[in-house]
Amino acid sequence: MAILKILTDKEPALRGISRSVDAITPRIITLLDDMKDTLHKANGVGLAAPQVGVLRRVVIIETEAGKLYEMINPVIIEKSEEIQHELEGCLSVPGRWGITERPKKVKVKAMDRNGNYYTLEGTDLLAIAICHELDHLDGILYTDKAIRMLTKEEIEELGE
Ligand code: ZN
């Protein structure tokens, strides 16, 4: 187990397209474990492998403490039409926040660490986290999609 360095948006690796995982090797298991430690240390709700410099389609999400989803080769298979405006941030874009439009509900299909496929339906924060983390796998940051970024004054008001 190790805490990995989280890349920031200045580093080009964050813009790469991640490769699918063909086989769940001990390296992938170690990556998942290290990502979990790193996420907890950073107090985040989600982390994608490219954020720690590994261009593989691996994501972890924990919007509810103790309920960690590990997603290998995740694909969104359904999403609601409904769009909501939400405040979004990213561990790779420290100190900044933006307003984004995201579906209210998404359904994702992914593999767990045992190689079993599962589907997960997420609403609200979980839906946003799924969309946000999966975007990382294609080199997309929420700042690319944000309707607008918060001003310094607005961030101060948030107390962040
Ligand atoms: Zn992010």
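Whatever comes next refers back to the structure up there.
Quantities reported herein were computed from a predicted structural model and do not represent experimental measurements.

Draft legend 1. How the structure looks around the environment of Gly98. Here Gly98 is to be found in strand β5 (residues 98-103). When the C-alpha positions of Gly98 and Ser80 are compared, they lie 21 Å apart, and in sequence the two are 18 residues distant.

Draft legend 2. Broad picture of the nonpolar core. Counting 16 residues, the largest nonpolar core has Val59, Ile61, Met71, Val108, Leu120, Leu126 and Ile130 as its most contacted members. Those elements giving two or more residues to this core turn out to be β2 (58-64), β3 (67-79), β6 (105-111) and α2 (125-136). The element best represented in this core is α2, accounting for 6 residues. When residues no more than four places from it in sequence are discounted, the contact partners of Met71 are Arg57, Val58, Val59, Ile61, Val108, Ala110, Met111, Tyr118, Leu120 and Ile130. Among the nonpolar cores identified, the runner-up in size contains 14 residues, and Ile28, Leu31, Met35 and Met111 belong to it.

Draft legend 3. A look at the pairing of β6. Taken together, the 5 bridges between β3 and β6 define a ladder with antiparallel strand orientation. Paired with Lys79 across the strands is Val106, a residue of β6. Pairing geometry for β6 and strand β7 (residues 117-123), over 7 bridges, is antiparallel. Residue pairing for β7: Met111 is matched across the bridge by Tyr117. A loop of 5 residues connects β6 with β7, the two strands running antiparallel in sequence, and Gly115 in this loop sits at a positive phi of about 85°.

Criteria and cut-off values
Residues numbered from 1 in each chain as written. Predicted model: local features only at pLDDT ≥ 70, side-chain atom pairs only at ≥ 80, totals over all residues. Heavy atoms only, no water. Helix = DSSP H or I, 4+ residues; strand = E, 2+ residues; numbered from the N terminus. Core = buried A, V, L, I, M, F, W, Y, C linked by side-chain atoms within 4.5 Å. Buried < 20%, exposed > 50% of the residue type's maximum accessible area, 1.4 Å probe, protein only. Contact = heavy atoms within 4.5 Å. Pairing = 2+ DSSP bridges.

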